[in-house]
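# Summary of structural features
What follows is the residue order along each chain.
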Amino acid sequence: MEKLKAELWDKVQYIFRNYYDRMIHASIFYDGEVDLDILRKSIYRIVTHFPILRSTFHSSTINPHWEVNEDYTVEEMASKVICDDLQASALASLSKEVNFKSKLQFEIVAHYSRGKSAISVLVNHMCLDGADFKYFISKIIEGYNLIARGGNIGDLQLKRGSRSHAQIYKDMTEEEAEEAKRLYKNVSHTGVKNKFDFTADANCTTRFNFKKISSEKVQALKAKGKEYGATLNDVFMTAYARAVSTRLAPSEDKRLVVTSMKNLRDHIESENSESVTNLTGFMPCVLEEVGENFADTLRSISEQNKISKEDKFCGLYGIPLLALAFKLFPYAVAEFAIKAGYENPLIGMSNIGIIPEEYVELDGLKCVDTFMTGATKFKPYIQLTSTTFKGETTFCIAQKCSDEDERRIRSLLDAIETQLDEFLTA
């Protein structure tokens, strides 16, 4: 049986399994019915090309690895559900977890209701990150359209290459690469312990909560942000920081850290990974104080994010430390060391960004809505994910929590929108 090396972030995602569900999620909604047979054929082509998606992870104490499976069928690529409520059905599918021991590292379901349909996509985050999740979905759609228009699915072009994190250094000069590989600073250690005020409730289930920001409002926020020299993401982070700052667990520390996930493909000239993989790093934004008003907070966040992005090694700090741990110690020891020394962000933000219409439009069907979100966090960790489709931004908090926790999350999302509205009218 063919074996694949467990790459750096495969192992890190596995180690962090007690912090979140290790899944990445998406749903796509259509005004007509998806052809299940065509959908399955497209997925089959992609899964055949990328063996990581049909492999079983073995968490050996010495040498963790993937074993590639060959006993898979077209029918297993996607299942079918007839339902009354497309969104409820899709979210129920996304509430599951794909076991790393499974034969396939994804679960795709086509949901049908009164002439409309939805596709839910659930993938083990160990296999890929947000950027390659978008790529995976876009290729499913491209393959579907190729078949639907009478083409040959074998003509679908797919990238081929390494999954190693080392590719982030390949386009640097020799001197830059050497310097980048010595960035041992552990940026996960900020010294700030403030966290969202979750309950101690133990009866928790996976919940997805959303807040949509209209395209008109998004454009207005973008324009007003520019007046402060800030990006739209800075504006969103400011609203999040200000909203969450009033909903923290009791603490004498007034500081706040919002950690973004940095796409490390920015360090590659093609801005693309060689294969589907994880290429992400931490970009913490530390606020010594939140500020009296939105503009104060925005200036602080914008300035700090600008400094981070102008750093030619943005997002690369700490990665050599992780790589060194796996190199020096047996896996079981490295796992213990990383758990002890690496801190998962208590308050995170992930901007998956724009979902181009061509990534989700199926032949003969109009896509009416879509969203993507990262892992479902476990308390006390929380993360706000944003995606933008047809100009409209969807905020999502995927959380394993109780009914009361969910009420607090909904209040947080409402407060984020209020902060944005107040910024526009200030």
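Everything here concerns the structure above.
Rules used throughout
What you see as residue numbers is a count from 1 along each chain, following the sequence as written. For a predicted model such as this one, the threshold for reporting local features is a pLDDT of at least 70, and the threshold for listing and counting side-chain atom pairs is 80 or more; totals across whole chains, interfaces and linings nevertheless cover every residue. Neither water nor hydrogens contribute to the side-chain values; these are computed over all heavy atoms in the structure. Secondary structure is summarised from DSSP: a helix means a run of H or I of at least four residues, a strand means a run of E of at least two, and numbering begins at the N terminus for each. Whenever two N or O atoms come within 3.5 Å, that pair is a polar contact, provided that in protein one can donate a hydrogen and the other can accept it, and provided that, for residues adjacent in sequence, both atoms are side-chain atoms. What makes two strands pair is DSSP finding at least two bridges between them. Axes here mean lines fitted to C-alpha atoms, for a helix over just the part in contact, with angles spanning 0 to 180 degrees between N-to-C directions. Contact between two residues is taken to exist if any of their heavy atoms lie within 4.5 Å; hydrogens are not considered. Note on aromatic pairs: the rings of Phe, Tyr and Trp (six-membered ring only in Trp) are paired at centre separations within 6.5 Å, and the planes decide the class, stacked below 30 degrees, edge-to-face beyond 60, tilted for the rest. Throughout this description, buried means an accessible area under 20% of the type-specific maximum (1.4 Å probe, protein chains only), exposed means over 50%, and partly exposed covers the range between. Roughly parallel here means an angle under 35 degrees, roughly antiparallel means over 145, roughly perpendicular means 65 to 115, and every remaining angle is called oblique. We call Asp, Glu, Lys and Arg charged. Ala, Val, Leu, Ile, Met, Phe, Trp, Tyr, Cys and Pro are nonpolar, and the rest, Gly among them, are polar. Working definition of a nonpolar core: buried Ala, Val, Leu, Ile, Met, Phe, Trp, Tyr and Cys residues. They are joined through side-chain atoms within 4.5 Å.

Once that is clear, we can look at the environment of asparagine 233. The topology assignment puts asparagine 233 in helix H7 (residues 232-245). On a C-alpha basis, the gap between asparagine 233 and serine 302 in space is 9.1 Å, while along the polypeptide they are 69 residues apart. A polar atom in the side chain of asparagine 233 sits 3.2 Å from the side chain of asparagine 351.

Let's shift gears to the sheet that holds strand E12 (residues 367-373). Judged by pairing direction, the sheet is mixed, and its five strands sit side by side in the order E5-E6-E7-E2-E12 without closing on themselves. The two strands at the open ends of the sheet, each matched to only one other strand, are strand E5 (79-82) and E12. Neighbour-to-neighbour, the strand axes of the sheet open up by a mean angle of 15 degrees, direction not taken into account. Of the strand pairs in this sheet, E5 and strand E6 (residues 106-113) are connected by four bridges, and their pairing is parallel. Looking across to E6, one finds that lysine 80 is bridged to alanine 110. Taken strand by strand, helix H3 (residues 86-94) contacts strand E2 (23-30), E5, E6, strand E7 (116-124) and E12, and its axis lies near 15 degrees from that of E7.

This brings us to the packing of aromatic side chains. For any two aromatic rings, the description comes down to two numbers: the centre-to-centre distance and the angle of the planes. Going through the model one piece at a time under the given rule, you end up with 16 aromatic pairs. Ring centres of tyrosine 14 and phenylalanine 57 lie 5.2 Å apart, and the angle between their planes is 50 degrees; on these two criteria the pair is classed as tilted. Here tyrosine 14 is found in helix H1 (residues 8-15), whereas its partner phenylalanine 57 is found in strand E3 (residues 55-58), with 43 residues between them in sequence. Here tyrosine 14 falls in the buried class, since its relative accessible area comes to 7%. Overall, the relative accessible area of 2% leaves phenylalanine 57 in the buried class. With a centroid separation of 4.9 Å and an interplanar angle of 85 degrees, the aromatic rings of phenylalanine 236 and phenylalanine 395 are classed as edge-to-face. Residue phenylalanine 236 is found in helix H7, and its partner phenylalanine 395 is found in strand E15 (residues 392-401); the two are separated by 159 residues along the sequence. Residue classification places phenylalanine 395 among the buried positions, given a relative accessible area of 0%.

So, about the packing of helix H6 (residues 215-227) against H7. Each pair of packed helices can be described by the angle between their axes along with the distance between the axes. Packing of H6 against H7 leaves a shortest axis separation of 8 Å and a crossing angle of 100 degrees. In terms of orientation, H6 lies roughly perpendicular with respect to H7. Along its contact with H6, which presents Val218, Leu221, Lys222 and Gly225, the element H7 presents Leu232, Val235 and Phe236. When the residues that make up the contact of H6 with H7 are grouped by side-chain class, the tally is five nonpolar, one polar and one charged.

Core analysis: the biggest nonpolar cluster contains 122 residues, and Tyr30, Leu39, Leu53, Tyr240, Ile416 and Leu420 have the highest contact counts within it. Element by element, the count of residues in this core is highest for H7, at nine residues. Among residues more than four places away in sequence, those in contact with isoleucine 416 are Ala239, Tyr240, Ala243, Leu384 and Phe395. Residues Met23, Leu94, Val98 and Cys396 belong to the second largest nonpolar core, which totals nine residues.

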